[in-house]
Amino acid sequence: MQANTSPKPLILIDGSSYLYRAFHALPPLTNSRGEPTGAVYGVLNMIKKLLTDYDPEYVAVVFDAKGKTFRDEIYPAYKAHRPPMPDPLRLQIEPLREAIQFMGLPLISIEGIEADDVIGTLTRQALEQNWTVLISTGDKDMAQLVNDRVTLINTMSGTLLDSKGVQEKFGVPPESIIDYLALIGDTSDNIPGVPKVGPKTAAKWLHDYGSLDALIAQADKISGKIGENLRQSLEQLPLAKKLVTLRLYESLPVSVTELKPSQPDRVKLLELFRRLEFKNWLKELLEQESPAEKTALDYQLVLTQADLSQWINRIKQSKQFAFDIETTSLNTLDAQIVGFSFAVNANQAAYVPVAHDYIGVEAQLSLDEVLAQLKPVLENPLHTLIGQNLKYDIGVLANYGIEIGAKIYDTMLESYLLESSANRHDLDSLSLKYLGKKPISFESLAGKGANQLTFNQIALTDASNYAAEDADFALQLHQILWPKIIANDDLRCVLEDIEMPLVSVLSRMERCGVCIDPKLLAEQSQDLEQRIKTLEKEAYALADTMFNLASPKQLQSVLYEKMQLPILSKTPGGAPSTAESVLAELALDYPLPKLILEHRSLCKLKSTYTDSLPKQIHPKTGRVHTSYNQAVTATGRLSSTDPNLQNIPIRHEEGRRVRQAFIAPKGYKIISADYSQIELRIMAHLSHDPGLLKAFAASFDIHTATAAEVFGLPLTQVTQEQRRSAKAINFGLIYGMSAFGLSRQLGVSREVAQAYVDKYFARYPGVKFYMEAIRALARKQGYVETLLGRRLSIPEINSSQMQRRRAAERAAINAPMQGTAADIIKIAMISLDAWIRQSGVDVKMIMQVHDELVFEVAEDCVDLAKQQIEAHMIHAVKLEIPLVVNINVGNNWDEAH
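So, here's what we can say about the structure. Model, not experiment: these values are computed from the prediction.

Overall, the coordinates contain 20 aromatic pairs when judged by the stated rule. Here phenylalanine 321 and phenylalanine 323 contribute two aromatic rings whose centre-to-centre distance is 6.5 Å and whose plane-to-plane angle is 80 degrees, an arrangement assigned as edge-to-face. On the basis of relative accessibility, which here comes to 2%, the residue phenylalanine 323 falls in the buried class. Taking the centre distance of 5.6 Å and the plane angle of 45 degrees together, the rings of phenylalanine 455 and tyrosine 466 count as tilted. Placement of phenylalanine 455 in the loop between α19 (442-446) and α20 (460-486) and of tyrosine 466 in helix α20 is noted, with a sequence separation of 11 residues between them. The burial state of phenylalanine 455 is the same as that of tyrosine 466; both residues are buried. One aromatic cluster is present, built from ring pairs that chain together Tyr41, Phe273, Phe278 and Trp281. Above the plane of the ring of phenylalanine 70 lies arginine 247, whose end atom (NZ or CZ) is 3.7 Å from the centre. Directly above the ring of tryptophan 311 sits arginine 314, whose terminal nitrogen or CZ lies 4.3 Å from the centroid.

The interhelical angle for the contact between helix α34 (residues 802-839) and helix α35 (residues 862-874), taken along N-to-C directions, is 140 degrees, at an axis separation of 9 Å. Pair α34 / α35 crosses with right-handed handedness. Between α34 and α35, the contacting residues are Ala828, Ser831, Leu832 and Trp835 on the first element and Leu864, Ala865, Gln868, Ile869, His872 and Met873 on the second.

With that out of the way, let us pick up the pattern of salt bridges. In this structure the tally under the stated criterion is 40 salt bridges. Two residues, arginine 790 and glutamate 499, come together in a salt bridge whose shortest N-O distance is 2.6 Å. Pair noted here: arginine 790 is in the loop between β16 (783-785) and β17 (791-793) and glutamate 499 is in helix α21 (residues 489-512), with a separation of 291 residues, a long-range link. Here arginine 790 matches glutamate 499 in class, with each residue buried.

Here we take up the side chain of aspartate 674. Its location among the elements puts aspartate 674 in strand β15 (residues 668-675). Nearest to the buried, unbridged aspartate 674 among oppositely charged side chains is arginine 659, at 7.5 Å. The contact partners of aspartate 674, leaving out residues within four places of it in the chain, are Asp851, Glu852, Val884, Val885, Asn886 and His897.

Take the sheet that holds strand β12 (residues 407-410) next. The strand order β7-β10-β9-β8-β11-β12 describes an open sheet built from 6 strands, whose pairing is mixed. The open sheet has two edge strands, β7 (298-301) and β12, and neither has a second partner. Averaged over all adjacent pairs, the angle separating strand axes in this sheet is 25 degrees, with direction ignored. Judged from the 6 bridges that link them, strand β8 (residues 320-327) and strand β9 (residues 337-345) form a sheet pairing that is antiparallel. Paired with alanine 322 across the strands is alanine 343, a residue of β9. Sheet contacts for helix α17 (residues 411-418): β11 (384-387) and β12; angle to β12, the most-contacted strand, approximately 55 degrees.

The rules we used
- Residues numbered from 1 in each chain as written.
- Predicted model: local features only at pLDDT ≥ 70, side-chain atom pairs only at ≥ 80, totals over all residues.
- Heavy atoms only, no water.
- Phe/Tyr/Trp six-rings, centres within 6.5 Å; stacked < 30°, edge-to-face > 60°.
- Buried < 20%, exposed > 50% of the residue type's maximum accessible area, 1.4 Å probe, protein only.
- Helix = DSSP H or I, 4+ residues; strand = E, 2+ residues; numbered from the N terminus.
- Lys NZ or Arg CZ within 6 Å of the ring centre and 35° of its normal.
- Axes fitted to C-alpha atoms, helices over the stretch in contact; angles between N-to-C directions.
- Left-handed = near helix turned anticlockwise from the far one by under 90°.
- Contact = heavy atoms within 4.5 Å.
- Salt bridge = Lys/Arg side-chain N within 4 Å of Asp/Glu carboxyl O.
- Lys, Arg positive; Asp, Glu negative; His and termini not counted.
- Pairing = 2+ DSSP bridges.

Printed below as a string of structure tokens:
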């Protein structure tokens, strides 16, 4: 055995200890497929930190092997009380082992020998060669190994334990740790100690008597109940000592001199990190890519008519091509085209600049001559166009009178349909995940902040590589994602019949925008300002002090220190929570939290809408233009941004006043068409419950009908209060609300709420059966589906954390209904858009908000529009019971609702 002449210590990492600790201590992360990854991430993060801090020449990660050891033989009850390993932890063992091996680190797992004993034996080998050893562990048993050349490090807390540290932590030196552990026992390993003897007593005895053997010899001197316990434990103490003592073997299948790390396997690490979705580490690996590993790229900068014609011919021949536009702005109405990129084969792409205008730039083709050749290709229905976030490109091309007629596929939407719960579907994230490639960042070319360049100022060579790469990566992503889509006929239909046709519909809606009255909003802002100031004065009076209502810290002080309100929840940092849900619960009993909630609501309304909307009127159109997002929500619902039209309150006066500012221009009316109780109707269809189906088929008021069933009354005798309770039950249950949640909402006892739930399920047994079945299905496959086959991921349905698991179960119940409702209104939008374009009737679809569509209609077309809107919406899909649409007309959105 050779001597280690390096000053660097041998590092031995207790993999088994850290795997369990990381699993229980860290947040339960999952990837977009619902596979648990938190423990793997936690352990690897600690290992990477150790390697960075110490740069060891010799290192090993040690794991327990399956099967029994000598401790099981001498004590069959060893570890008998440990619960079975949770599935989310068990599933992470193999990827963690793979990651360690791919990192080039020696991994040791020896059948029949515990990891602790392996680490102890390797430590002894190292000491025999005069090496120093650093043991990375959180296991107190390892303290028996500490001496002047052996130190423990707890990488989770960053603490080091040398001999002095052991004495300070345990009250005994390292040489007494075995006796100490035998006395206190170990409940996690089911090792018996002396009953009622804790760390302080054990340390005192060993200090007074010197050793466990001396203590045993003088056990009769220990008085009281504790002495009795000691004497009754004398028989088992030798066994306990044997169990806690590390067994040091004469030899192992591996020696310390073999623990040199090898070169990491970058290819396999890239593949593993892509699967686990460790994006930051993936980026780090890609940045280390050597020139030899880089794929040969054929990216062409097109500056002549001959080269452009050649590329146009290639596109025509291939029929399928990727396409991207570079512009001066992210706002489609303001964006001016700077260049185009295409790709027809992987790693082959072109960039055609048309408007780079920095000093010394080369001559470029004109925009008009490029568009003249591109327009027939883009409008040809026999071609297939692939892109990322194509709604943007469609909106920009509309500025130039071009409407894409080619069949389109959007990689953002393909990714979204495959994994709706994934957080990001942007080109950078998808390229990392599926291609294992890190795209060129715009900031690396243009800089950041106020001095960031626009694309027309980027040097042609850099711009060409960046733009061509975008098209190339979009093509490669489609080639990976499309086979996954067509493997499921329903997903293919959702993509081709709903999501892709909707792209152009949304682009037209965004381009149209909505008309608002800025004067009305300015008046409301003033009124809100006065109301906000009044609320602040009332709050000061209630608190008997002035404070900033928007400051969580000051609010904590007022509510919990000054007024002594009960602390219902704490922040991760341990401070009393002032979250909205907490204040809502306190508001049931105390006036100040209720006032704070109203203050927050009005401040948000003012800042988000009454102050902001007038500033968002576009100077060219005089209208406000939102952006609809197809790939954000987990259920398939659309969301909107800049401004967000989905969150304008409708149930209180101030929110309705905001809606009054959404107006019809002169000669027009606003029509609002809202699906009535669509999720309850979908529940009736999915559950096939006879009672619900009968109530909807008979056009009963469903909440009155439910109240009659739950309270055992004729329909005519149901009171408004009973109907209100039934409404809470109907909507609460489809959102997975528990009896406890229902009791809080209705202000009744939990027993009364449970009785309501029991009666509901007794009257509608099909609903209960459906809920149980859908939860079981989600647990089995990790996802649920809408009526049309949209797949909705439920990644935490098997989480070991009860709160997360229950939230996932609620999502499993509601997602098929909310997702089906989203599919239905999208189908209706596509159908209505086609009618509007074909009929020539002066109707514009201007907004979509949850289950509602809003139209701007010429006054002389209102009756026809109402008829067509209702027909297209109710016939979007066929359910066992009819869809119903509430349609109203007004001069503004509030009047029409």
